[in-house]
Amino acid sequence: MGWLVSLLGSSVGKKWMMAVTGFAFLGFLAAHFAGNLTVFGGRESFNGYAQKLQSLGPILHLFRAGLIACALVHITTGLLLFLQNRRARPVGYQVAASAGGRTLSSRTMPYTGLLILAFVVFHLFHFTFVPPAPLTIFDRVAAAFRRPELVALYTAMMVVVALHVRHGFWSAFQTIGAHHPKYMPWIFALSLAAAFATAIGFGSLPILVAALV
Amino acid sequence: MSQTIRLTLKIWRQKGPADPGRFETVAVDGVSTDMSFLEMLDVVNEKRILEGGEPIAFDHDCREGICGSCGAVVNGRPHGHLRGTTLCQLHMRHFRDGDTIVIEPFRARAFPVIKDLVVDRSALDRLIQAGGYVSVNTGSAPEANTLPVPPDRAERAMDAAACIGCGACVAACPNASAMLFTSAKVSHLALLPQGRPEAARRVLAMVRAMDACGFGNCSNHRECEMTCPKEISIVHIARLNREALKAGFLSPEA
Amino acid sequence: MRLDAKIPGGPLPQKWDRHRFELKLVNPANKRKFEILVVGTGLAGASASASLAELGYQVKTFCIHDSPRRAHSIAAQGGINAAKNYPNDGDSIWRLFYDTVKGGDFRAREANVYRLAQISNAIIDHCVAQGVPFAREYGGLLANRSFGGAQLSRTFYARGQTGQQLLLGAYGALMRQAAAGRVRLFPRREILDIVVVRGKARGVVARNLLNGEIECHEGHAVVLCTGGYGNAYYLSTNAKASNVTAAFRAYKRGALFANPCFTQIHPTCIPVHGTYQSKLTLMSESLRNDGRVWVPKTPGDKRPPHQIPEAERDYFLERKYPSFGNLVPRDVASRNVKEQCDQGKGVGETGLAVYLDFADAIRRDGRAVIERKYGNLFQMYEKITGDDPYETPMKIYPAVHYTMGGLWVDYNLMSTLEGLFVLGEANFSDHGANRLGASALMQGLADGYFIIPYTLGGYLAGTPLEPVSASDPAFAETARQAAERLRRLLAVNGRRTPDDLHRELGMVLWNFCGMSRNNEGLRKARGRVQELREEFWRNVRVPGSEQDLNQSLEKAGRVADFMEFAELMILDALERQESCGGHFNEAYQTEDNEARRDDERFCHVAAWEFRGEDRDPVRHVEPLSFEHVPLTQRSYK
């Protein structure tokens, strides 16, 4: 066991944990997105989806536990990396300049990450950890998105998630060593596509719901 | 055709490791555009010595971009703004008359400042000591052509081996990570059959040493490969990650 | 003094084997009781430190840089020779030996050169095993290219960074021993003197460049691997820190200095562009494989190169030397370039340059091929000059590059100061009056990997060495002298900087003791150097203190030694009344302006003995006999 702790505790080990849990979240995002689409089928369809999820019982709990574990690992490792990285340069530069490697997305990873954490907590209490009656989930969603400030919040947060995905996606590949001159351009393109899909796919939802309902 | 330009330098001055340091502003006139950056500093220093001032200390040696001694952060960029260039190869023709140039030492916890622009990069030697070699004693080598190496593989190994150990990757990395340096050596030797027998031990030991030296972690910002005067690619960082994964989980090495 | 080179008996090819058998061995268990001080971490120093440590000796290694990897061997571009004969073009140990002796214009020892050629193959084997990424053919086997002074391909290379890759290999080996605790590294140390105890070299006095502390280190032997003295000329292709101090101190402590006038001027360097210039940059000799050297036929033709039609160009090397063409040895090429410029045919702003043109090669092989071969060199050229060599021909001019002279050593690489061994460029041994391309790397590594491990063992096993400690009065006295010298430098407080004085010294040497020399000029230069030295000690200005990182003080100490050493170079040039290799005295030339040797009077090594500050040094002679290579006039026609 000692070897595993020391391996995962090393700088590359921590990055693998970030990458692997990151992949899990990407998978979750994809599934969540597919589920969200049922909202356009109307009240029955969306509530049906919610009930189906609930009916999974232990499997759902297993998934939730998995996600929580991933989140704990991703957040604590991320924070640790963030703090270590700051410590690695105690005195900064007078002139901050980039050679062109950093992107808005890469430089904001820790901050978008923390914002996402706050948002996820809010989102869970907003839509997930709520009594199933008298309001159905569809009613709740529809009611929420009638409020423009919530539409704005959800949409803005989806842009934040997209930013996080933009760097996290290709970064995860790089970190587990999947970098090949032949395929890397595709992975870069895919990570951009995933970011846009997140921003548009998730971000447009509150607006569309608000418009449709 | 050469011209002369006038510059304002804001240079970091620090008497010793314990001195807090400060910026000093120096006006320089008559800088030939054919001068290298270091020659420009030479001219400043010559003048200072005669005026009774303390010359600016900076590391330099070969002045042809291969020894890796030189390097300061010029306007926020290690080795200056030109791609694939060491500071000694940066010529003043790339600056304009009237420019203000801010010159700072490489900054990283693992590279403490010694004096002015001189920093202690011995951490990079410690990384190599951890395993950046093939363990072969003099006299025991087989005939050189016994092991063929496909030319493209040799070329990729050479791409990584071109590292001059200047430390600009660390200076440029927002996290002061030494991943590009470390991966260049891991990758160079992992690509060659001669380096394979020790590949697992090497990568794990070098990663451990990297962490012990107080470098940051890699966040894939890619500033390193954009700054590297030898344009070493982060493809080597990926190879390090892969080698470490393989070694960490599959090899019996701890 | 009789100089005994201790060349073993027997037929040439068996001398080294026989000698290794005759050398006494140190019992493996006893090796760790010996402490060896290695100064310098270039190819010779790093390889010697690593190899000695592998054998079990305790090694202390000193380097002037922050890391051993930065030694100037790193800048060697072209390649390393070996007699592998992989291309099947007729190479052999004998031919490499022959070419090296002939290339050196018959001023090297046959036995040493033969040993070098014998060892050359093992070097390649070892470096490949270390993971040096040499260029490969499609089938994965090692590639070779041709190089100046040879008519076959025997040069192994790693792009244009062969020296870097070989040095990193040796540095890796050194770091492996450092990690194992068998080598203790002392970076950022400058060796200020050699400590001699009861006639033997037993230690060094070093200055810690970070805090100025003067340190004494004792050992059973000292191995100097401190490179050449090309920086005496101020402008050279050497790195800025390259200096003669340690070697010159050894000379003052009793080691003879051999052939100091043998300096190599490399033909293909980027021309000087201004008075502020701090160093010159070499463009690898390998460029002459594909580049064609030319000047306009009419003196003073200032048209840009592409406007000069083919018929009005003079490809003078190809014209004068049809069989070697652009690949004539360095001394021949340099002198011809100078001759063209002296005739007013030089190009560029200063008229001190000739073209090196790749247009034909690009037309023949395509840009991609040329880029693969020389890409990094072209890039380096463009960075410095702002010109693109794919479009306009390069401008090149000769520059000081390598010094064949060095401390005199016997076949065991030991100097006349017992216990002081000298390796690599710092010794004089293998290149005679001119070094062939790609031979410096070979010699540095041969000395470090494959010669010193045996010969040093022989010395240690065969010499009674009583214990000494750094508290011995000899250490204190040597350290006191070194510290005193530093204080004297600081106390002058004159009006000229060390660099300024150094630049002037360099001009004197370059003009009178450079590519071509004459007695009148040399005599004038000697007087000028004496005046300059006097001015130096009266008028140098060194700021700061000796107890700090003080780069001006470091420079001043080195310049002070160059000021003295330059006179030795001039003296040696004056005494050698012949022309050979890199030493070209205008009074001794053939009708074709080639160097004319005088084998009757000068077929020998001149080794200078220091006799005190105010006395002229004494010239000793080691006669050279050539039993295997007939003494001929070199001809590259």
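Worth saying up front: this structure is predicted, and the values here are computed from it rather than measured.

### Quick notes on the sheet that holds strand E11 (residues 257-258) of chain C
Residue and element names in this part refer to chain C.
Here comes step 1: Taken together, the four strands give an open sheet; going across it, the order is E17-E11-E19-E20, and neighbouring strands pair in antiparallel fashion. The open sheet has two edge strands, strand E17 (406-407) and strand E20 (618-623), and neither has a second partner.
Here comes step 2: Across six bridges, the pairing between strand E19 (residues 604-609) and E20 is antiparallel. Residue pairing for E20: Glu-609 is matched across the bridge by Val-618.
Here comes step 3: Helix-sheet contacts for helix H16 (residues 551-575) involve E11, E19 and E20, and the interaxial angle to E19 is about 140°.

### Focus on the domain arrangement of chain B
Residues and elements named next belong to chain B.
Here comes step 1: By domain assignment, chain B separates into domain 1 (4-115) and domain 2 (121-250).
Here comes step 2: Measuring from the centre of the C-alpha atoms in domain 1 to the corresponding centre in domain 2 gives 29 Å.
Here comes step 3: Contact with domain 1, which involves 18 residues of that partner, is made by 17 residues of domain 2.
Here comes step 4: Split by residue class, the side of domain 1 that touches domain 2 holds eight nonpolar, seven polar and three charged.

### Focus on the packing of helix H6 (residues 109-128) of chain A against helix H8 (residues 148-175) of chain A
For any two helices packed against each other, one specifies the crossing angle of their axes together with the interaxial distance.
Residues and elements named next belong to chain A.
Here comes step 1: Between H6 and H8, the least distance of the axes is 9 Å, while the angle of their chain directions is 135°. Taken together, the axes of H6 and H8 are oblique relative to one another. Both H6 and H8 take part in a crossing whose hand is left-handed. Here Met-109, Thr-112, Gly-113, Leu-115, Ile-116 and Phe-119 of H6 come into contact with H8, specifically with Met-157, Val-160, Val-161, Leu-163, His-164 and His-167.
Here comes step 2: The residue makeup of the contact of H6 with H8, split by class, is eight nonpolar, four polar and no charged.

### Quick notes on the interface of chain B and chain C
Here comes step 1: Each partner contributes residues to the interface: chain B has 64 residues there, and chain C has 67 residues.
Here comes step 2: For the side of chain B that touches chain C, the secondary-structure elements that each account for two or more residues are helix H1 (37-51), strand E6 (113-115), helix H2 (122-129), helix H3 (151-161) and helix H5 (179-191) of chain B.
Here comes step 3: Looking at the side of chain B that touches chain C, the element that brings in the most residues is H1(B), giving seven residues.

### So, the interface of chain B and chain A
Here comes step 1: Between chain B and chain A, the contact holds 42 residues from the first and 36 residues from the second.
Here comes step 2: When residues of the side of chain B that touches chain A are traced back to their parent elements, those giving at least two are strand E5 (100-104), helix H6 (199-212), helix H7 (223-227) and helix H8 (235-250) of chain B.
Here comes step 3: Take the side of chain B that touches chain A: its biggest share by element is nine residues, from H8(B).
Here comes step 4: Of the residues belonging to the side of chain B that touches chain A, the class tally is 19 nonpolar, 12 polar and 11 charged.

### Structural notes on unusual backbone geometry
Residue and element names in this part refer to chain C.
Here comes step 1: Here Asp-105, not a glycine, exhibits a phi torsion of approximately 55°, which is positive.
Here comes step 2: Its place among the elements puts Asp-105 in the loop between helix H4 (93-103) and helix H5 (110-129).
Here comes step 3: On the basis of neighbour count, Asp-105 is assigned to the buried category, with 26 C-beta atoms found within 10 Å.
Here comes step 4: With phi around 60°, Phe-106 is a residue other than glycine that occupies positive phi space.
Here comes step 5: For Phe-106, the position within the fold is in the loop between H4 and H5.

### A short note on helix H1 (residues 15-22) of chain C
Residue and element names in this part refer to chain C.
Here comes step 1: Within the sequence span of H1, burial applies to Lys-15, Trp-16 and His-19. For H1, the angular spread of the buried residues around the axis is 90°, confining them to a single face.
Here comes step 2: Tucked inside the fold, the buried residues of H1 contact H5.

### Side note on the pairing of strand E13 (residues 292-296) of chain C
All names here are of chain C.
Here comes step 1: In terms of burial, E13 is a largely internal element, four of the five residues being buried.
Here comes step 2: As defined by bridge partners, E13 adjoins strand E15 (residues 354-357) across three bridges and the pair is classed as antiparallel. Residue pairing for E15: Trp-294 is matched across the bridge by Tyr-355.
Here comes step 3: One ladder, built from two bridges, connects E13 with strand E14 (residues 313-314); its direction is antiparallel. From the neighbouring strand, Pro-296 faces E14, where its bridge partner is Arg-313.

### Digging into the arrangement of the chains
Here comes step 1: With two pairs of chains in contact, the largest contact count belongs to chains B and C.
Here comes step 2: Chain A makes no contact with chain C; the smallest distance between any of their C-alpha atoms is 19 Å.

Rules of the game
Residues numbered from 1 in each chain as written. Chains lettered and ligands numbered in written order. Predicted model: local features only at pLDDT ≥ 70, side-chain atom pairs only at ≥ 80, totals over all residues. Pairing = 2+ DSSP bridges. Helix = DSSP H or I, 4+ residues; strand = E, 2+ residues; numbered from the N terminus. Contact = placed C-beta atoms within 7 Å. Axes fitted to C-alpha atoms, helices over the stretch in contact; angles between N-to-C directions. Domains from an automatic or database assignment. Nonpolar A, V, L, I, M, F, W, Y, C, P; charged D, E, K, R; others polar. Parallel < 35°, antiparallel > 145°, perpendicular 65-115°, else oblique. Left-handed = near helix turned anticlockwise from the far one by under 90°. Buried ≥ 20, exposed ≤ 12 C-beta atoms within 10 Å, placed from the backbone. Arc of directions from axis to C-beta.

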